[in-house]
Amino acid sequence: MASLGLYETDPTPRLIGIARLAHEAERVDSGHQVEFFSLPVRSILNRCDARRNLPFTWTINPYRGCEFACKYCFARYTHEFMEMRDANEFEHKIFVKQEAAWLLRRDLKKVRPGEEMAIGTATDPYQPAERRHGVTREILEELARHAGLEIGIVTKSDLVLRDLEILQRISEQNTIGVHMTITTLNTDLARITEPRAPRPDLRLRAVRELNEAGISAGVICAPVLPGITDKPRDLEELVKAAAEAKAVNIFANPLFLKPCSRSVFLPFLKDTFPDLVPRYERMYGQRDFGSDSYRKHLSSLMSRFKKKYGIGAPGPRGPVRELGKARALEQLALF
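Residues numbered from 1 in each chain as written. Predicted model: local features only at pLDDT ≥ 70, side-chain atom pairs only at ≥ 80, totals over all residues. Heavy atoms only, no water.

1. Notes on the packing of aromatic side chains
For the structure on display, the rule yields seven aromatic pairs. Ring centres of Phe 37 and Phe 95 lie 5.2 Å apart, and the angle between their planes is 25°; this geometry places the pair in the stacked category. With Phe 37 in strand S2 (residues 34–39) and Phe 95 in strand S6 (residues 93–97), the pair connects residues that are 58 residues apart, well separated along the chain. Considered together, Phe 37 and Phe 95 belong to a single accessibility category, that of buried residues. Measuring from centroid to centroid gives 5.7 Å for Phe 265 and Tyr 280, while their planes differ by 50°, and the two rings are tilted. Pair noted here: Phe 265 is in helix H10 (residues 259–272) and Tyr 280 is in helix H11 (residues 277–284), with a separation of 15 residues, a long-range link. Exposure class is identical for Phe 265 and Tyr 280. Each is buried. Counting every residue linked through ring pairs, the aromatic cluster contains Phe 265, Phe 268, Phe 273, Tyr 280 and Tyr 284. (Phe/Tyr/Trp six-rings, centres within 6.5 Å; stacked < 30°, edge-to-face > 60°. Helix = DSSP H or I, 4+ residues; strand = E, 2+ residues; numbered from the N terminus. Buried < 20%, exposed > 50% of the residue type's maximum accessible area, 1.4 Å probe, protein only.)

The structure is reproduced here in structure tokens:
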């Protein structure tokens, strides 16, 4: 019956918002098993939902997606907003935000005194894409034109040292600090859990050089992976190394398992650490967070080690307040 054609529908779902922009994004570059796309956005400065109890008001993420491919990364959900349901696309399809500096210049008038900005909460601002596209550098150059801001950068990369001169210019009229994520000192283990991130020793060197240059830099040990990176002697060695690198503070929090990260982390656990699968099933089940007892145990260990090595004592703080106390920042390794 020819009239049935009147009721036929387009099988392709109608995309709106960021999903439509991502679908229409122009492929601009490619790298090692990675594609880069140019993404137009309405804003580069995003306000946080106060109900999440975050220690900052604004976030800036120069990219969507992250090449570091950390097995535990909880930020994979951000690709779902673009109707990309395969969690692995987060590390293979990187979206480069357009006109970041101009958008930031326009939106900084929204920022009130005392409101902090965090750069790199859902994607690492110094992932390899930054060498090619320089969006983070554009953002920092714009911030250097302003005064009275509080800024924190979260990264796993020593590439931050490339921008040391800009960071120093920013610090002349603003408060700025860097929070370097280091989950283990074991290079072989880091290569398994964070396949494309710089080596831990390079990150520690960056912490030292930043502090020696007058830029406040601390360490985020998150996520701590039960049975993998949580041995007391290993945590103590990390705290000691952070203190020797002159880190102003160090925070640690256990693994946070959102559904999007489960789809990558749990198969990885089964293949690489199969003996630990029953333990994780007991600890997490269908919960995003592990047990309160484990959290308290980890907090007690870290407190003892920090006191022993004199790190986190009263003194200068980074501009993103008490990162380790915010649940949503449990594994800012943002990456």
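2. What to know about the sheet that holds strand S8 (residues 150–155)
Strand order in the open sheet made by the seven strands is S3-S4-S7-S8-S9-S10-S11, with mixed pairing throughout. In the strand order of this sheet, the two ends are held by strand S3 (45–47) and strand S11 (250–254), each with one partner. For this sheet the average axis-to-axis angle between neighbouring strands, irrespective of direction, equals 25°. Two elements, S3 and strand S4 (residues 58–60), share three bridges in a ladder whose sense is antiparallel. Paired with Asn 46 across the bridge in S4 is Thr 59. Strands in contact with helix H5 (residues 135–143) are S4, strand S7 (116–119) and S8; relative to S7, the strand with the most contacts, it is inclined by about 160°. Sitting on the sheet, helix H8 (residues 200–212) is in contact with strand S9 (175–181) and strand S10 (216–224), with an inclination near 155° to S10. (Pairing = 2+ DSSP bridges. Axes fitted to C-alpha atoms, helices over the stretch in contact; angles between N-to-C directions. Contact = heavy atoms within 4.5 Å.)

3. Quick word on the pairing of S7
Here S7 shows a buried face lined by Glu 116 and Ala 118 and a second buried face lined by Met 117 and Ile 119. The pairing of S4 with S7 spans three bridges and is parallel. Bridge assignment links Ile 60 to a residue of S7, and that residue is Ile 119. Pairing geometry for S7 and S8, over four bridges, is parallel. From the neighbouring strand, Glu 116 faces S8, where its bridge partner is Glu 150.

4. Remarks on the pairing of S2
In terms of burial, S2 is a largely internal element, five of the six residues being buried. Where S2 meets S6, five bridges bridge the pair, whose relative direction is parallel. Among the inter-strand pairings, Leu 39 is bridged to a residue of S6, identified as Lys 97.

5. Things to note about the packing of helix H3 (residues 100–107) against H5
Relative to each other, H3 and H5 sit at 35°, their axes nearing to 8 Å. Here H3 and H5 pass one another in a crossing that is right-handed. Touching Ala 100, Ala 101, Leu 104 and Arg 105 of H3 are Val 135, Glu 138, Ile 139, Glu 142 and Leu 143, all from H5. Across the contact of H3 with H5, the residue classes tally to six nonpolar, no polar and three charged. (Left-handed = near helix turned anticlockwise from the far one by under 90°. Nonpolar A, V, L, I, M, F, W, Y, C, P; charged D, E, K, R; others polar.)

In short, the description is geometric, and any link to function would need to be established separately.
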